[in-house]
Amino acid sequence: MEETALATDARPARSRFWQGVRLAWPVVIGYVPIGLAMGVLAGQTGLTPLATGAMSALVYAGASQFVAVAMLQAGAPAVSIVLTTLFINLRHILMSAALSPFFRGVRPRMLWAIGFLVTDETFAVSHGQFAAEGRGDPAVFTGLGLTAYVSWLASTVAGAWVGGALSTPEAWGLDFALPAMFIGLLAGQLKDRVGLAVAVLAALSAVGGGRFLGGWSVMAAAMLAAAAGVVMRRWTARTPSS
């Protein structure tokens, strides 16, 4: 099995931190409109900017926050909201497991902080960067994760402050901002046949499984595609190139 390690970069931690900040800008571009939309919806539900900011600061999970706001508006009990967001965020187990080889030797307290900053987008950017370099770097990830975190927090609070001024986020194209960001992040990962095959398999599994598994199809597709990717990587590594 290929080993990965922490950074041996001779640059100071501050320089590597700012590298992470620069890597975060594609994520920020996607987070701002989606965060504004989430804040607007939260404001229309009756949440104050302070409450919306607290949710973003403590939960920091876009999909879960959208669901939680909708359930609050529907009058769902607190237990149902907590359990629903828990199930939605189970995918973070897979992302954290994929990143863990890049952070061997990191102190547990640092790992807790890194784990909190893992989102779909920071995972995609950092994993691609670390895999290309063959090593992980907590300083780079901290710059990436904190920049994304602050942008999400600020945009959701701003959206809640604006309130009903953007009563129809779809009219502003905000509903497409998140899919567009993921498409852009995905395009950067399609560097070989294995990556393309995994992406196609994940898409087909998510769409096809939606008829039978509902919201669980995304989780199932992620697990299936991840397993298939590992198998294909090992197979291609053993097969001599012609």
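**Here's the deal with the nonpolar core**
Thought 1: The biggest cluster of nonpolar side chains holds 29 residues, and the ones touching the most others in it are Tyr-60, Leu-99, Phe-103 and Phe-141.
Thought 2: No other element matches the six residues that helix 9 (residues 138-162) contributes to this core.
Thought 3: If sequence neighbours within four positions are ignored, Leu-99 has contacts with Val-118, Phe-123, Ser-126, His-127 and Phe-141.

**Concerning the packing of helix 2 (residues 25-45) against helix 9**
For any two helices packed against each other, the geometry comes down to the angle between their axes and how far apart the axes lie.
Thought 1: Contact geometry for helix 2 and helix 9: axes closest at 7 Å, N-to-C directions at 30°. One finds that helix 2 runs roughly parallel with respect to helix 9. Every pair of crossing elements has a handedness; the one defined by helix 2 and helix 9 is right-handed. Contacts between helix 2 and helix 9 involve Val-27, Val-28, Tyr-31, Val-32, Ile-34, Gly-35, Leu-36, Met-38, Gly-39 and Val-40 from the former and Thr-147, Ala-148, Ser-151, Trp-152, Ser-155, Thr-156, Ala-158, Gly-159 and Ala-160 from the latter.
Thought 2: Its residues assigned to classes, the contact of helix 2 with helix 9 comprises twelve nonpolar, seven polar and no charged.

**Regarding unusual backbone geometry**
Thought 1: Here the phi dihedral of Tyr-60 falls at roughly 50°; this positive angle occurs in a residue that is not glycine.
Thought 2: By the secondary structure assignment, Tyr-60 is in the loop between helix 3 (49-58) and helix 4 (62-73).

**Topic: the packing of helix 7 (residues 108-116) against helix 9**
Thought 1: Taken N-terminus to C-terminus, the directions of helix 7 and helix 9 make an angle of 40°; their axes are 9 Å apart at the nearest point. In this view, helix 7 runs oblique relative to helix 9, as classed from their interaxial angle. The chirality of how helix 7 crosses helix 9 is left-handed. Across the interface between the two elements, Met-110, Ile-114 and Phe-116 from helix 7 touch Pro-138, Phe-141, Thr-142 and Tyr-149 from helix 9.

**Some points on the packing of aromatic side chains**
Thought 1: Following the criterion strictly, the structure yields eight aromatic pairs and no others.
Thought 2: When the centroid spacing of 6.0 Å and the interplanar angle of 40° are considered together, the rings of Tyr-60 and Phe-116 count as tilted. Linking Tyr-60 in the loop between helix 3 and helix 4 with Phe-116 in helix 7, this pair joins segments that are 56 residues apart in sequence.
Thought 3: A relative accessible area of 4% places Tyr-60 in the buried class.
Thought 4: Judged by relative accessible area, which is 33%, Phe-116 ranks as partly exposed.
Thought 5: Ring plane angle 50° and centroid distance 5.7 Å describe the contact between Phe-102 and Phe-130, whose orientation is recorded as tilted. Here Phe-130 lies in helix 8 (residues 120-133) and Phe-102 lies in the loop between helix 6 (91-99) and helix 7, a separation of 28 residues in the sequence.
Thought 6: A network of ring pairs unites the aromatic residues Phe-102, Phe-103, Phe-130 and Phe-141 as a single cluster.

Criteria and cut-off values
Residues numbered from 1 in each chain as written. Predicted model: local features only at pLDDT ≥ 70, side-chain atom pairs only at ≥ 80, totals over all residues. Heavy atoms only, no water. Core = buried A, V, L, I, M, F, W, Y, C linked by side-chain atoms within 4.5 Å. Buried < 20%, exposed > 50% of the residue type's maximum accessible area, 1.4 Å probe, protein only. Helix = DSSP H or I, 4+ residues; strand = E, 2+ residues; numbered from the N terminus. Contact = heavy atoms within 4.5 Å. Axes fitted to C-alpha atoms, helices over the stretch in contact; angles between N-to-C directions. Parallel < 35°, antiparallel > 145°, perpendicular 65-115°, else oblique. Left-handed = near helix turned anticlockwise from the far one by under 90°. Nonpolar A, V, L, I, M, F, W, Y, C, P; charged D, E, K, R; others polar. Phe/Tyr/Trp six-rings, centres within 6.5 Å; stacked < 30°, edge-to-face > 60°.

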